[in-house]
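Summary of the model geometry
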Amino acid sequence: MSICGRTISGRAVAALALLMVLVALLPAVSSTPSREITLVVHDMAFYFEDDLHTPNPTLEVRAGERVRVVLENRDRGMTHDFAVPVLDAALDPITWNETETIVIDMPKTPGTYEYVCRPHRLMMRGTIRVN
Ligand SMILES: [Cu+2]
């Protein structure tokens, strides 16, 4: 192959094409959440799916991390949501047996932030620890 009068090998063209594909994919890769946290709601509290005995657990994340939160409502007859008020992030309320997902960009400043279920924020509230 020849570009501007210079001969370029097929291998170099293939490498260049591969590089261009990788650069094009970079935004998609970097915006993919690096952590997924599944929270189950039952008996008016949030739980990790593998620990249904510790209500409203502390969520540990890294500063600036993009996190996908999956909420499963196992509270028959109750509507719940998940919100981080200080980040203005909230998913729509879901009813029993529904699952909903929200992707949240965590603060770049380490600290503790509150998460709540907005309809029941007095009972259903916990801490996000940004490290
Ligand atoms: Cu609730």
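One can find the structure itself at the top, above this paragraph.
Residues numbered from 1 in each chain as written. Predicted model: local features only at pLDDT ≥ 70, side-chain atom pairs only at ≥ 80, totals over all residues.

When you go through the protein residue by residue, the secondary structure sums to 1 helix and 11 strands. The linear arrangement of helices and strands in the protein, starting from the amino end, is β-β-α-β-β-β-β-β-β-β-β-β. Across the protein, contacts joining residues at least 24 apart in sequence account for 57% of those joining residues at least 6 apart. (Helix = DSSP H or I, 4+ residues; strand = E, 2+ residues; numbered from the N terminus. Contact = placed C-beta atoms within 7 Å.)

For residues other than glycine, phi is negative in most cases, and the peptide bonds are mostly trans. With a phi angle near 50 degrees, aspartate 43 is a residue other than glycine that sits in the positive phi range. You can see aspartate 43 is positioned in the loop between strand S3 (35-42) and strand S4 (45-48). At asparagine 97, a residue that is not glycine, the phi angle is positive and equals roughly 75 degrees. With respect to the helices and strands, the residue asparagine 97 is situated in the loop between strand S8 (89-90) and strand S9 (99-105). We classify asparagine 97 as exposed; it has 10 C-beta atoms within 10 Å. (Buried ≥ 20, exposed ≤ 12 C-beta atoms within 10 Å, placed from the backbone.)

Turning our eyes to something else, we now look at the sheet that holds S4. Here 4 strands make up an open sheet; going across it, the order is S4-S3-S6-S9 and the pairing mixed. In the strand order of this sheet, the two ends are held by S4 and S9, each with one partner. On average, each strand axis in the sheet is tilted by 30 degrees relative to the strand beside it, whichever way the strands run. Sheet topology places S3 next to S4; 4 bridges connect them, and they run antiparallel. Directly across from valine 40, in S4, lies its bridge partner tyrosine 47. (Pairing = 2+ DSSP bridges. Axes fitted to C-alpha atoms, helices over the stretch in contact; angles between N-to-C directions.)

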